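If you want the building blocks of each chain, they are given just below.
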Amino acid sequence: MGDFMVKRFHSTTWECRSTQFNFHRLDGGRSDDGVIRKVLLQTENLRAEAVRVDSLLSDLLPYDIVRRLRRAEDIDLEYCECVTVMFSDVPIFSEIVGRVSPFQLFAILEHMCRTLDAVVAGFTVFKVETIRDSYMIVGGVPVHMGNQLAAEVANLALAMLNGVGTMPTVQEHRLGKWMVFEARVGIHSGPVVAGIIGTKLPHYTIFGDTVNTASKMETSGEASRIQISTAAYQLLDGREGFKLESRGLIPIKVGKLETRPRKP
């Protein structure tokens, strides 16, 4: 299993540079100050709009990909020898769906996504997609992190467990006292192929057995626990701050794997 070179991640704000012009009338006189002010105002508006557009694009695509698209570069498929993929969901959510109104359901999901998006923003990972209460996260691509990728995703998983667990249920969303939000997380490390799908609404995604195995780690796990594969365990074993224990062999569709639920 190969490692990537460690590269520092810097959050960068797009800047739009405008060229200053002097406006002259055909008869040799300078144009009115009002015209200059109007042009400068329009330039500032264009700059602000460009920043907003780049901010939206950065929510859909990794920053490095946005920068390359700006330069009209082709984005080829990338084979990554080792990344760490995480899936999370809230198991009780399927029961909540049948007990609340669509308006309540929307409010719950909106609150949950705001909470978890704020958590994800604090880590060097990429949110591949969100479907209802489910999150798919990858660490190690497109930002290569070397041996740090598994630890970064594992720390994110712990933060997400805490974020979901602190969400109000009874008071704010008028749910029964037995309805407690608990996240369930699955993690696996391995190779993937990464690239962009689509043109009108491009989507950066990853494919490979690593994705399928990470998904099975989640669905076969338990609420308030983080279940990781042996491959992820090997990247985390010996690192401070993680308590790992073996769960033994469990049957999943991709075969039998020894898993290790991480205790929060």
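As the structure is a computational prediction, the values presented were derived from the model and not from experiment. (Residues numbered from 1 in each chain as written. Predicted model: local features only at pLDDT ≥ 70, side-chain atom pairs only at ≥ 80, totals over all residues. Heavy atoms only, no water.)

J.: Is there a simple way to think about the packing of helix 4 (residues 102–120) against helix 5 (residues 149–165) in this case?
T.: A pair of packed helices is characterised by two quantities: the angle between their axes and the separation of those axes. Contact geometry of helix 4 with helix 5 gives a least axis separation of 10 Å together with a crossing angle of 155°. In this view, helix 4 runs roughly antiparallel relative to helix 5, as classed from their interaxial angle. Where helix 4 crosses over helix 5, the handedness of that crossing is right-handed. Where helix 4 approaches helix 5, its residues Thr115, Leu116, Val119 and Val120 are matched on the opposing element by Leu156, Ala159, Met160, Gly163 and Val164. A per-class count over the contact of helix 4 with helix 5 returns seven nonpolar, two polar and no charged. (Axes fitted to C-alpha atoms, helices over the stretch in contact; angles between N-to-C directions. Helix = DSSP H or I, 4+ residues; strand = E, 2+ residues; numbered from the N terminus. Parallel < 35°, antiparallel > 145°, perpendicular 65-115°, else oblique. Left-handed = near helix turned anticlockwise from the far one by under 90°. Contact = heavy atoms within 4.5 Å. Nonpolar A, V, L, I, M, F, W, Y, C, P; charged D, E, K, R; others polar.)

J.: Can you help me understand the nonpolar core in this one?
T.: Most often, soluble globular proteins have nonpolar side chains that are buried together. Judged by nonpolar contacts, the single largest core of 39 residues is most densely connected at Met86, Leu156, Met160, Phe181 and Ile187. Within the residue set of this core, elements represented by two or more residues are helix 3 (93–97), helix 4, strand 3 (134–139), helix 5, strand 4 (184–197), strand 6 (226–229) and helix 8 (230–236). In terms of residues, this core owes the most to one element, helix 5, which gives ten residues. Setting aside residues no more than four positions away along its own chain, Met160 makes contact with Met86, Ser88, Leu116, Val119, Val120, Tyr135 and Ala183. Of all hydrophobic cores here, the second largest spans 18 residues; its members include Val83, Phe126, Val141 and Tyr204. (Core = buried A, V, L, I, M, F, W, Y, C linked by side-chain atoms within 4.5 Å. Buried < 20%, exposed > 50% of the residue type's maximum accessible area, 1.4 Å probe, protein only.)

J.: Would you mind going over helix 4 with me for this structure?
T.: Each α-helix winds once per 3.6 residues, and so residues spaced three or four apart point in a common direction. Between the first and last C-alpha of helix 4 there are 26 Å, a value that for 19 residues agrees with the 27 Å anticipated at 1.5 Å per step. What helix 4 keeps buried is the set Leu105, Ile108, Leu109, Met112, Leu116, Val119 and Val120. One side of helix 4 carries all its buried residues, which in axial view fall inside an arc of 95°. In this structure, helix 4 carries Phe103, Phe106, Arg114 and Ala118 as exposed residues pointing more than 90 degrees from its buried face. (Expected span 1.5 Å × (residues − 1). Arc of directions from axis to C-beta.)

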